[in-house]
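# Remarks on the overall topology
For reference, the chains in residue letters:
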Amino acid sequence: MWRPDGTGMERVRLPLLLIVYTYLYSLGDCLFVTDYFTRTPRKLSAYRSFASVELFHFNVPDDTVVAVWNLITFKEQGGTFGDSCPDRNVTVYFRSGAPPVINPLQTRFPRDTIVPGSFAVTLTWTLPNRTTGVFNVTSPLPGDWFLAAHLPKDEGKISVKGLSEECQYLFQPQLIVQRLIGISVLYPGYYIDQMIPEHNRSVLYKVFIPNYISQVRVQLVNCSTRNRSVETCPILLKIRARAPPLHNSTSQDCQGGGACELQTLLPSWEQWYYILVERSQGNADVYFRIGVQVKDCSKPSVSKGASPGSALNMPQSFGAAMPFSLTEALPAAGLPSLSQNGSERGPALLPEDTITYLAPDADANKCWPIRPTLRNELDTFSVHFYIFFGPNISVPPDRAAIFAINLMPVLDSGGVLNLELKLNVSSVKGENITVFGCLNHGMPLSLSDNSTIKCESESIGGFMLSVNATSNITKLRIPYPQTGTWYLSLRSLCANEHGFEMCTNVTAEVYLRSYLTPCINDCGTYGQCKLLRTNNYLYAACECKAGWDGWGCTDNAEAYSYGFQLLSTLLLCLSNLMFVPPVAIAVRSHYLLEASVYIFTMFFSTFYHACDQPGIVVFCIMEYDVLQFCDFLGSLMSVWVTVIAMARLKSIIKQVLYLLGAMSLSMALQLDRHGLWNLLGPSLFALGIMAVAWTVRTIRRRRCYPPTWKRWVFFLFPGTMIASSAVALYAFVETEENYFYIHSIWHMLIAGSVGFLLPPRAKGDAKVTPMKRRRGCGYQLCVNEHEEMGLVDPAIISINSICTS
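Residues numbered from 1 in each chain as written. Predicted model: local features only at pLDDT ≥ 70, side-chain atom pairs only at ≥ 80, totals over all residues. Heavy atoms only, no water.

### Here's the deal with the nonpolar core
Residues Tyr 598, Met 637, Trp 640, Val 641 and Ile 644 are the most contacted members of the largest nonpolar core, which totals 43 residues. Of all elements in the fold, only helix H5 (580-588), helix H6 (592-611), helix H7 (624-646), helix H8 (651-671), helix H9 (676-701), helix H10 (709-733) and helix H11 (739-757) reach the threshold of two or more residues within this core. It is H7 that contributes the most residues to this core, 13 residues altogether. Residues within four places of Met 637 in sequence aside, it is in contact with Val 597, Tyr 658, Gly 661, Ala 662 and Leu 665. (Core = buried A, V, L, I, M, F, W, Y, C linked by side-chain atoms within 4.5 Å. Buried < 20%, exposed > 50% of the residue type's maximum accessible area, 1.4 Å probe, protein only. Helix = DSSP H or I, 4+ residues; strand = E, 2+ residues; numbered from the N terminus. Contact = heavy atoms within 4.5 Å.)

### With respect to H7
When the terminal C-alpha atoms of H7 are compared, their 34 Å separation across 23 residues agrees well with the 33 Å that a helix rising 1.5 Å per residue should span. Within H7, 18 of the 23 residues are buried, which leaves it mostly tucked inside the rest of the structure. Where H7 terminates, the next one or two residues include Arg 648, which has phi positive at roughly 60°. (Expected span 1.5 Å × (residues − 1).)

### As for the sheet that holds strand E13 (residues 202-209)
The strand order across the open sheet built from five strands is E11-E13-E18-E15-E16, with neighbouring strands paired in mixed fashion. Two strands lie at the open edges of the sheet, namely strand E11 (184-186) and strand E16 (250-253), each paired on one side alone. The mean angle between the axes of side-by-side strands here comes to 25°, regardless of whether they run parallel or antiparallel. Pairing between E11 and E13: three bridges, direction parallel. Each bridged residue has a counterpart across the sheet, and for Ser 184 the counterpart in E13 is Tyr 205. (Pairing = 2+ DSSP bridges. Axes fitted to C-alpha atoms, helices over the stretch in contact; angles between N-to-C directions.)

### Some words on the sheet that holds strand E9 (residues 143-150)
Strand order across the open sheet formed by four strands is E3-E9-E6-E7, with antiparallel pairing between neighbours. A single partner strand is all that each edge strand has here, and the edge strands are strand E3 (54-60) and strand E7 (119-123). The sheet shows a mean angle of 20° between the axes of neighbouring strands, taken without regard to direction. Both strand E6 (residues 90-96) and E9 contribute to a ladder of six bridges, which runs antiparallel. Bridge assignment links Val 92 to a residue of E9, and that residue is Ala 149.

### Observations concerning the packing of H6 against H7
H7 packs onto H6 with a crossing angle of 150° between their chain directions and a minimal axis gap of 8 Å. As the angle between them shows, H6 and H7 are arranged roughly antiparallel. Where H6 crosses over H7, the handedness of that crossing is left-handed. Its residues assigned to classes, the contact of H6 with H7 shows 14 nonpolar, seven polar and two charged. (Parallel < 35°, antiparallel > 145°, perpendicular 65-115°, else oblique. Left-handed = near helix turned anticlockwise from the far one by under 90°. Nonpolar A, V, L, I, M, F, W, Y, C, P; charged D, E, K, R; others polar.)

### Overview of the state of the cysteines
Here a disulfide denotes a covalent bond joining the sulfur atom of one cysteine to the sulfur atom of another. Applying the stated criterion across every chain yields a total of eight disulfides. In this model Cys 85 forms its disulfide with Cys 167; the gap between the sulfur atoms is 2.2 Å. The S-S bond linking Cys 85 to Cys 167 shows a torsion near -95°; that makes this disulfide left-handed. Placement of Cys 85 in the loop between strand E5 (80-81) and E6 and of Cys 167 in strand E10 (residues 167-181) is noted, with a sequence separation of 82 residues between them. (Disulfide = S-S within 2.5 Å.)

### A few points about the pattern of salt bridges
All told, the structure shown has 18 salt bridges when counted by the stated rule. Linked by salt bridges that have partners in common, Arg 201, Lys 238 and Glu 278 make up one network. (Salt bridge = Lys/Arg side-chain N within 4 Å of Asp/Glu carboxyl O.)

### Considerations on the UniProt feature "transmembrane region" (unreviewed entry) in the chain
Mapped onto the present numbering, the UniProt feature "transmembrane region" (unreviewed entry) falls at residues 12-34, 677-700, 712-733 and 739-758. Summarising residues 677-700: 100% helix, 0% strand, and an end-to-end C-alpha distance of 34 Å. Taken end to end, residues 739-758 is 95% helix and 0% strand, and its first and last C-alpha atoms sit 28 Å apart. (UniProt positions renumbered as here; feature names shortened; annotations may be inferred.)

### Points about unusual backbone geometry
Going from Tyr 705 to Pro 706, the amide bond is cis rather than trans, its omega being -5°. Residue position: Pro 706 is located in the loop between H9 and H10.

### Some details on the pairing of strand E15 (residues 235-241)
Burial of E15 is extensive: five of the seven residues sit out of reach of the surface. Relative to strand E18 (residues 271-279), E15 is paired through seven bridges, and the arrangement is antiparallel. Along E18, the bridge assignment pairs Leu 236 with Glu 278. Of the pairings in the sheet, the one linking E15 to E16 comprises four bridges and is antiparallel in character. If you follow Leu 237 over to E16, its bridge partner there is Gln 252.

### Brief notes about the packing of aromatic side chains
In this structure the tally under the stated criterion is 37 aromatic pairs. Residues Phe 50 and Tyr 539 carry aromatic rings whose centres are separated by 6.0 Å and whose planes lie at 85° to one another, so their mutual orientation is edge-to-face. Note that Phe 50 is positioned in the loop between strand E2 (42-43) and E3 and Tyr 539 in strand E35 (residues 537-544), a separation of 489 residues in sequence. Grouping residues by exposure puts Phe 50 and Tyr 539 together as buried. An angle of 25° between the planes, with centres 6.3 Å apart, marks the rings of Phe 463 and Trp 486 as stacked. One end of the pair, Phe 463, is in strand E29 (residues 462-468); the other, Trp 486, is in strand E31 (residues 484-496), with 23 residues separating them in the sequence. Residue Phe 463 is classed as partly exposed on the basis of its relative accessible area, which comes to 24%. Over the ring of Phe 56 we find Arg 42, and its NZ or CZ is 4.3 Å from the ring centre. Here Arg 513 stacks its cationic end above the ring of Tyr 515, 4.1 Å away from the centre of that ring. (Phe/Tyr/Trp six-rings, centres within 6.5 Å; stacked < 30°, edge-to-face > 60°. Lys NZ or Arg CZ within 6 Å of the ring centre and 35° of its normal.)

Written as structure tokens, this is what we have:
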């Protein structure tokens, strides 16, 4: 196996370190560490479906500022460098949080399927046997990252294993990350005095945002410089969730003076938010006071006379979903000392008496309570999410009904998240009501009374579902969903001439079903859902058949018709009837053992191909593996017994060779059914036995054996040519497209060659029968020194038999 040498790795790491240091220069004197991860090289395959893709799983640590993937691809042929192998492009896909959903063949996805985006890189060869590519991500999202690599789709040629050294294309990804340590932590509601030293360009902070926060506001006040040379505040504020800010992150220029404020509406819950304070001009020390203020929406208002259960959109016996707010959970006295969180080399913190605490603001627009779901795991990627007091849900006209679906980290990202929504038409009482559903990851987003109908904002994206009296059923499928918490917000709105408005006094009832499956609709009729594994990560993918394609085997652009499937099945099965003439010839010539082998081969080859069809014209009398083994064994035994019969050995020796051949071939097929030497090995050994037997007879008789030219011209030569043509078709011509008729021709040629090569019955067998031998009081041993193998003129034949009693 090829490994990069030290010199090559130094050449690769040099530009990577330049990328890293260029970015880190903007962060000033920050402490950072370097982590290195690698994966074992794997052989790439041509793309047919996601089941043929090689998937690699990485974990990017928190506080990572630069992640660089070094992509190494190299060729091998027979255990050596594949310099003579053709160049084939290698496509690599990247996605954070879940495996990438790719579509290289531009096939159609199933209906109601969401296709998440991903990055893609194509590697072209720079050297005869290897190439290296680099893919860098600045401030990547922490957590799981997945790489999927494959070769382009090939022509579908069926190659015989072992016939030639196959070109192998191996792919090995390596990951180098640079992460910061000792990032200063801010706490919501606390304001502290900070500074940017003159030798630094920026400082970085992070703050944790818990649940039920509707707004995050970063405030920077009292900005000044030491020498007062700059009247305005030369600072730029940036904020981003989960990772340090980028150049296009939400920002606010504070040069206008006075208080500087940067707001983020509808932030992601239970995530770190990173705040970058960057100097925009000058080199003097910059002093400022910074704090983070949040709006708490965890306490919904309860109208007078209404019970808590009705306010929470659930029965009274369910209880309160949120017993406390952020102000109760985060008191000022319970906070640790902030001076312990600063980096020794980072911005200096002032004494604790400069720290000010302000309680979080209450949001007038209350967050509606979130109803949890019960997770019921049935099998791998088979999970049902049950709603308490569901599945029928009442959606009131004045508020949203919100539900949380929690997907386990890593474990649930390899399946398909399904949602089904059905409206009870009788519950709307004839009103023109539409129930909208917004599915968002990390933060619920519900439609307001006068908002535009969309399920996304500046900071979060989402997917929309809608049902009404006309179309009362909708579905949504998300292959390879990101793990974490998904929120589904249901809101009923009434249509008017200007759009939609809040309904009055009408409560819509919907049926909600959410579940996780391995594949979309179990890959349908023309597909098979396969559970795959890469290291310790499990995922599922469809493998299509009968020309069907797509992520769920629903694209029938190149699908086989029913008539074509029936024709191909009949061709492969009925072509085995060509063994009937060889069976008749064998029985007529008293080759009963050989005839039984031909019957066995004809029977199991017929039913194996009836069970091996890719479409719906399939008929299996027993397990597929058993049928395949018996078909392969019968084919090899047919060749073995035919060649041994041509050798004209004694009966006892021939029977012993038949038995040994059957046991040896069974062992070889159990080891490798598709190996070339399973076919060539027994055939060459049998031909060797036949050649030795014919040579001994030729030497003893001093004339060529078989002795007649008619046997050579009319039987041996045609039979050999037919068998050679069959082997050539099988090894060099057969592809996936022409398999049906080429393999049928193979059946007919092999059966036809047996009819020509099987020798005729020996003439001595008619004169000495078992019945005649039993009539004597002793025994006779007859040795025929001349055995016929063809049409022989009786006038030139002298039979010399030595019989001893």
